[in-house]
Amino acid sequence: MVTYLGPKDILIDQPAVLVGTYDPQKYQTVAVIAEDKYVLTVDFNAKAGIWSVSLENGFNTAGKRWLRLQGKDDQNNTIADQVIDLMVNQEGINTRFTYTIISQKDTLLKVQPIDSSQLNDQQKQSLKLGESLVVNTIELVNDHLKLELNNPLPNLGKFVYVYQPHVVVTKGAKLLWFNQNQLPDHIPGNQLLWVTQTTPLKMKPDDLSQLASDQFIEMPQGSAYTIIGYACIADHFRVTLNQEFPGFGKSGYLYRYHVQILETGKEIAFDNNAITCTIVNTTPLKKRPIDSAYLDSSEKITLPAGMVYGVQSYTSESGHIKVSLTENFPNFGNTGYLYPDFIFLSRGNIPLTPNKTLTYQGSTEVLVNTSVVLKGTFDPKTTAEITLFAEDRYAFNISLDWQKSTWETQLNQGFSDAGYRWLRLKAIDQQGNVTASQVINITVSENAMTVGESLTLEILEDTLFKIVPFDSSSLNQRQKVTIKAGQIFKVLKYGLVDGHLKIVLENAIPPVGNFGYIYTNYVRLKKGSEVFRFDIDEVPDTDVNAQMLVMETTKIKAQPVDSSDLDPQQFEQLLLGQTFGIKGYASVKGHFRVTLSQSIPNFGKVGYVYWQHVKLIRDGQQIGYDPDAITLTVLEKTVLKKQPSNNSSSNCPPHFGRTP
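### What about the sheet that holds strand S11 (residues 107-110)?
Hydrogen bonds between backbone groups are what pair the strands of a sheet, and the pairing can be parallel or antiparallel.
Next up, step 1: In spatial order, the strands read S12-S11-S15-S14-S13-S10-S16-S17; together these eight strands make up an open sheet with antiparallel pairing. Every interior strand has two partners, whereas the edge strands, strand S12 (124-127) and strand S17 (174-176), have only one. Strand after strand, the sheet turns through a mean of 40 degrees between neighbouring axes, direction not considered.
Next up, step 2: Sheet topology places strand S13 (residues 132-141) next to strand S14 (residues 144-153); six bridges connect them, and they run antiparallel. If you follow threonine 137 over to S14, its bridge partner there is glutamate 148.

### A word on the sheet that holds strand S2 (residues 9-11)
Next up, step 1: Read across the sheet, five strands follow the order S2-S9-S8-S4-S5 without closing on themselves; strand pairing throughout is mixed. Edge positions in the sheet fall to S2 and strand S5 (38-40), since each of these pairs with one other strand and no more. Each neighbouring strand pair of the sheet contributes to a mean axis angle of 35 degrees, computed without reference to strand direction.
Next up, step 2: Judged from the three bridges that link them, S2 and strand S9 (residues 78-89) form a sheet pairing that is parallel. Within S9, the position partnered with aspartate 9 by the bridge is methionine 87.

### Let's talk about the domain arrangement of the protein chain
Next up, step 1: Annotation of the protein chain at the domain level lists domain 1 (1-185), domain 2 (186-268), domain 3 (275-351), domain 4 (359-445), domain 5 (455-531) and domain 6 (536-623).
Next up, step 2: The gap between the C-alpha centroids of domain 3 and domain 4 is 24 Å.
Next up, step 3: Facing 10 residues of domain 3, the contacting portion of domain 4 comprises nine residues.
Next up, step 4: In this assembly, domain 3 packs against domain 4 so that about 700 Å² is buried in total across both faces, 49% of it on carbon and sulfur atoms.
Next up, step 5: Sorting the residues of domain 3 by area buried against domain 4 places Pro340, Asp341 and Phe344 first, and these three jointly supply 52% of that buried surface.
Next up, step 6: Our count for the domain 3 to domain 4 interface comes out at zero salt bridges.
Next up, step 7: Taken together, domain 3 and domain 4 are joined by zero residue pairs in polar contact (both at pLDDT 80 or more).
Next up, step 8: Of the residues that constitute the side of domain 3 that touches domain 4, the class distribution is six nonpolar, three polar and one charged.

### A few points about the packing of aromatic side chains
Next up, step 1: Summed over all chains, the structure comprises 15 aromatic pairs.
Next up, step 2: Each ring, one from tyrosine 339 and one from phenylalanine 342, has its centre 5.5 Å from the other, and the planes form 65 degrees; the classification is edge-to-face.
Next up, step 3: Residue tyrosine 339 is classed as partly exposed on the basis of its relative accessible area of 29%.
Next up, step 4: Judged by its relative accessible area of 28%, phenylalanine 342 is partly exposed.
Next up, step 5: Ring centres of phenylalanine 515 and tyrosine 517 lie 5.9 Å apart, and the angle between their planes is 75 degrees; on these two criteria the pair is classed as edge-to-face.
Next up, step 6: Put simply, the rings of Tyr585, Phe592, Trp611 and Tyr625 touch in pairs and so form one group of aromatic residues.
Next up, step 7: The aromatic ring of phenylalanine 159 is capped on one face by lysine 146, whose charged end is 5.3 Å from the ring centroid.
Next up, step 8: Sitting over the face of the ring of tyrosine 225, lysine 174 holds its NZ or CZ atom 4.0 Å from the ring centroid.

Procedures and definitions
Residues numbered from 1 in each chain as written. Predicted model: local features only at pLDDT ≥ 70, side-chain atom pairs only at ≥ 80, totals over all residues. Heavy atoms only, no water. Pairing = 2+ DSSP bridges. Helix = DSSP H or I, 4+ residues; strand = E, 2+ residues; numbered from the N terminus. Axes fitted to C-alpha atoms, helices over the stretch in contact; angles between N-to-C directions. Domains from an automatic or database assignment. Contact = heavy atoms within 4.5 Å. Buried area = accessible area lost by both parts, 1.4 Å probe. Salt bridge = Lys/Arg side-chain N within 4 Å of Asp/Glu carboxyl O. Polar contact = N/O pair within 3.5 Å; in protein donor to acceptor, adjacent residues only side chain to side chain. Nonpolar A, V, L, I, M, F, W, Y, C, P; charged D, E, K, R; others polar. Phe/Tyr/Trp six-rings, centres within 6.5 Å; stacked < 30°, edge-to-face > 60°. Buried < 20%, exposed > 50% of the residue type's maximum accessible area, 1.4 Å probe, protein only. Lys NZ or Arg CZ within 6 Å of the ring centre and 35° of its normal.

Printed below as a string of C-alpha cells:
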C-alpha cells in the first residue's frame, strides 16, 4: 500500500516536505507528479517504509493543487494510483523556522511521557492518522518527543508528549530521524552525518560566542546529510556535505558530541590523535607526482588554502607526499599526491614529517629583538641541503655539521615583530627533491618575564570543566566533567568569558575534550611564577596607592594612539590576568595614563593603556574612566612645590591627572 500522510495545507513560497508511507516488499519505487506535468524527485527510506519529496522553495502558486501518487513494481508497472489534494495558502505559519509533526497512525498527545493507560481523559488527546501540528521546538525524551506547540491545546497546554515511532517530523524541507535503525542509506563511498542534538555548523572550530551571525547555521536534531569527507579537529568534526547551504557553503565544523558519522551503518569514532593535513597554500591534489601543468583536468583537483582534511595514510614518493584522505572527491577519489611545501601534516597537536630524520629542537617561544639560535637534526645519507624560510618569504643562512648530523642558524638580532611566526624547514636531496618538510611555529613575546614559561592551571577546589560557560544544571553528563582539587593541567591558550576561563588544554579531559570553560574562582592560572588575576577581589594588597588589573591582553604605550603608529620600542604587551601597582593615573583620549610602581623592562614606568582593557582598583573599589576629568599637561619642565614660593630646590616629579 502507498499512502500520503501530509501536509495538506502549505504556505506559499516556503520550504516543505511531502511525506508518505509505502511497502518496500511490494513497491520498487514511488512516483509523484504535480498536475500530471511535473515529475518530482522522491527520496526513499526502505528501513522506515517512508517516501518523501523535499521542496526547498515550496509551491509558488496559491490555491488548490493536486499531485498524482503512484506505486510501481520491479517491472515499472503502476500497481497503485491516487490523487492528492493540497491547499497552498497566501497566509499562515512560516514553517521555515518551525517543526511539523505528522501522525503515521492514530496516536495520543499526552501531558507526560508515560503509557496512556496511566493518564485520565483530561491529560491526553487523540491525534488521528495524517493530522499535523506546527511545533516551535522538539526534544527527544527516551522514546517520546516533547513538543512546544505553536498553538496551546485546551487542557494539555503548550507542552505535550507524543510517542516518537507514531509520527514523522519535518523542518523546512528536511525530514528528521530519531531512530538510528531507521536512518536513510547513503551513497557508497561516502558517509552519513546524523545530528543527535541541535547544534551549529560553524566556519571555525571556535566557541559560538566568538563567531559572527553569518559564520554558523543551525542543524536541527534528527537531520541527516550525506557527506563526502570529514576530519577530527579540536573536538570537532570538520565535514564536507554533498549539498551547499546558501551564503555558507558545503564545509564546516560540528561539535563531536552533538553528531554521529556513520559508514555502512557503523559509527566512526572521533579520534583525538587522527592525522590531519592542513593546506597552507592553495595547491592541486594530483593523480601523478609530476608538475600539475602536465596533467589533464581530470587528473587533479584544487584544494583551497586553510582547509583541513583527514588522512588515512601517507608516504613520501618522488618529492611528493602521497595521501589517502577521509574525503572522497567526486570523479576523483580520495588518493593523490601533494607537494610538501604547501601542506602541514599533524597527529593531534603534534607536527608530523613524512621523514622522521628532520627535526627542530629549538625554542618555540622567544623574546622580541633578542638573539636566538634555531637548530635541529637531519639525515646526512639522504640530505644534500637544508633550507629554512620565514613565512615562505625570507631565507635563513643554515650551517650544517655533517658529523653530528645537526643544522643551525644564529639570528643575532632575533625577530623584530612580536606575535606568532611560522617557518618552513625542508631537507633536499642531490636531485633537488624534497625528502622531508615541516612547519615550525614560534611565539615572539614582548614580555621578558614569561618567555619560555608554560601556562599551568591549578585546581583550588572541586569544580566542573564544561563545554559552554553556562550554569552546570542546564548541561548533561557528556557536557561537563568534575575536576578534583589539587590537579594541575598544562594550558595552551586561554581567555575570559562571562566569569569563566576559556581554555585549551594540552591533554584532553573526556568527555569534554581539551577545549572548554571553567569557573575562575576555583582555579589559579600561572605562567612560570606569575599568577594571573581575573577579578577585583583577587588583586593582592600592596603598599602602593592602587592596582591595575589587565582584563584583556593589551599594550602599554608611550602615547594614547594606535600601536600601529608607534615604533616597536614605544609599547609593550600586557597579558590578560596580570596585575601592576600604580602611583598615579589620568583619563586621556580613551586611555588611562598610569604611573607604575615598578618599571617594565625596555619601557619604563609611565604609559597609556586602553581603558576598556584594564580595571583600576583602590581600596577594593573600581576607579571608573572619566572622559570629563580635569587633566594637567606640563608644557615645560617645572617643579611641583609645597608652597607658592620661588624655591629652586624643590625636586618633586610631575604627576598628571589624579593620584590614587
